[in-house]
Amino acid sequence: MRGTWLLVALPLLLTAFSVARPQPLPPPTLPPTFDVAIAEQLARELAREYPDRSPGSPGGLGAADWVARQLQLYDFRPQVERFEARIPGRGTVALQNLVTVVPGASRRTIVVTAHRDNSGEEGSPNDNASGTAALIELARPYAPVVGARLVQARPTHTLVFVSTDGGAYGALGA
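Residues numbered from 1 in each chain as written. Predicted model: local features only at pLDDT ≥ 70, side-chain atom pairs only at ≥ 80, totals over all residues. Heavy atoms only, no water.

Draft legend 1. The overall build of the protein chain, seen in detail. Secondary structure summary: the protein chain contains four helices and four strands in total. Seen in sequence order, the protein chain has helices and strands lined up from the N terminus as α-α-α-β-β-β-α-β. For the protein chain, with 174 residues in total, the buried portion stands at 37%. For the protein chain, the proportion of contacts with a sequence separation of at least 24, taken over those separated by at least 6, is 67%. (Helix = DSSP H or I, 4+ residues; strand = E, 2+ residues; numbered from the N terminus. Buried < 20%, exposed > 50% of the residue type's maximum accessible area, 1.4 Å probe, protein only. Contact = heavy atoms within 4.5 Å.)

Right, dumping it as structure tokens:
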């Protein structure tokens, strides 16, 4: 019995003392890129140009085009997903989400989403122009760089940036 115990315990002790603690992850090689001033400027611009971004309204459609143009400035090609939903007091409304995919090193996916619509009442950029601006600013560092010799920022996970419609009405686009 004691001999068997030594056969089991000795390798366990050797293993316990030879296993090293994992080292902490190294700091990112890229500098932080989220620019608060740009995000704030984008939020104010969206709220100013389209104060009524209610789903299906001219302002809501204009806001969707505005977001697509902002993403296209960075050579993203957002896909438009159109759908209809019933909104109390408004009936059946045509809605659209904008989806931008940044391929990562793995197929595992992180989704970043923000609704761009509002209830139609004029207010501050916080509903939800600020979230939309943050979404655009978070996507910016992963923009394709044409002809760049530097290493492009490629995320570990695939990133999906989704600008949804109908968020002010029960997160319909989500």
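There's more to say after this.
Draft legend 2. Quick peek at the sheet that holds strand 1 (residues 79-87). Taking strand neighbours across the sheet as the criterion, the four strands line up as 1-2-4-3 in an open arrangement whose pairing is mixed. Here the strands that pair on one side only, and so sit at the sheet edges, are strand 1 and strand 3 (109-115). Neighbour to neighbour, the strand axes of the sheet diverge by 25 degrees on average, direction disregarded. Two strands pair when backbone bridges link them, and strand 2 (residues 91-102) and strand 4 (residues 158-164) are joined in this way by five bridges, in the antiparallel orientation. Residue pairing across strands places Thr100 opposite Phe161, the latter belonging to strand 4. Across the sheet, helix 3 (residues 58-72) touches strand 2 and strand 4, and the angle it forms with strand 2 is around 5 degrees. Running at roughly 145 degrees to strand 3, helix 4 (residues 129-139) makes contact with strand 3 and strand 4 of the sheet. (Pairing = 2+ DSSP bridges. Axes fitted to C-alpha atoms, helices over the stretch in contact; angles between N-to-C directions.)

Draft legend 3. Spotlight on helix 4. Counting buried positions along helix 4 yields eight of 11 residues, so the element is predominantly enclosed. If you check which residues of helix 4 are buried, you get Ala129, Gly131, Thr132, Ala133, Leu135, Ile136, Glu137 and Ala139. Summarising the contacts, the buried residues of helix 4 are in contact with helix 2 (36-49), helix 3, strand 3 and strand 4.

Draft legend 4. Examining the packing of helix 3 against helix 4 more closely. With their axes 10 Å apart at the nearest point, helix 3 and helix 4 run at an angle of 20 degrees to one another. The angle between helix 3 and helix 4 falls in the class roughly parallel. The hand of the helix 3/helix 4 crossing is right-handed. Each of Trp66, Val67, Gln70 and Leu71 in helix 3 lies in contact with helix 4, whose residues at this interface are Thr132, Ile136 and Ala139. For the contact of helix 3 with helix 4, a count of residues per class yields five nonpolar, two polar and no charged. (Parallel < 35°, antiparallel > 145°, perpendicular 65-115°, else oblique. Left-handed = near helix turned anticlockwise from the far one by under 90°. Nonpolar A, V, L, I, M, F, W, Y, C, P; charged D, E, K, R; others polar.)

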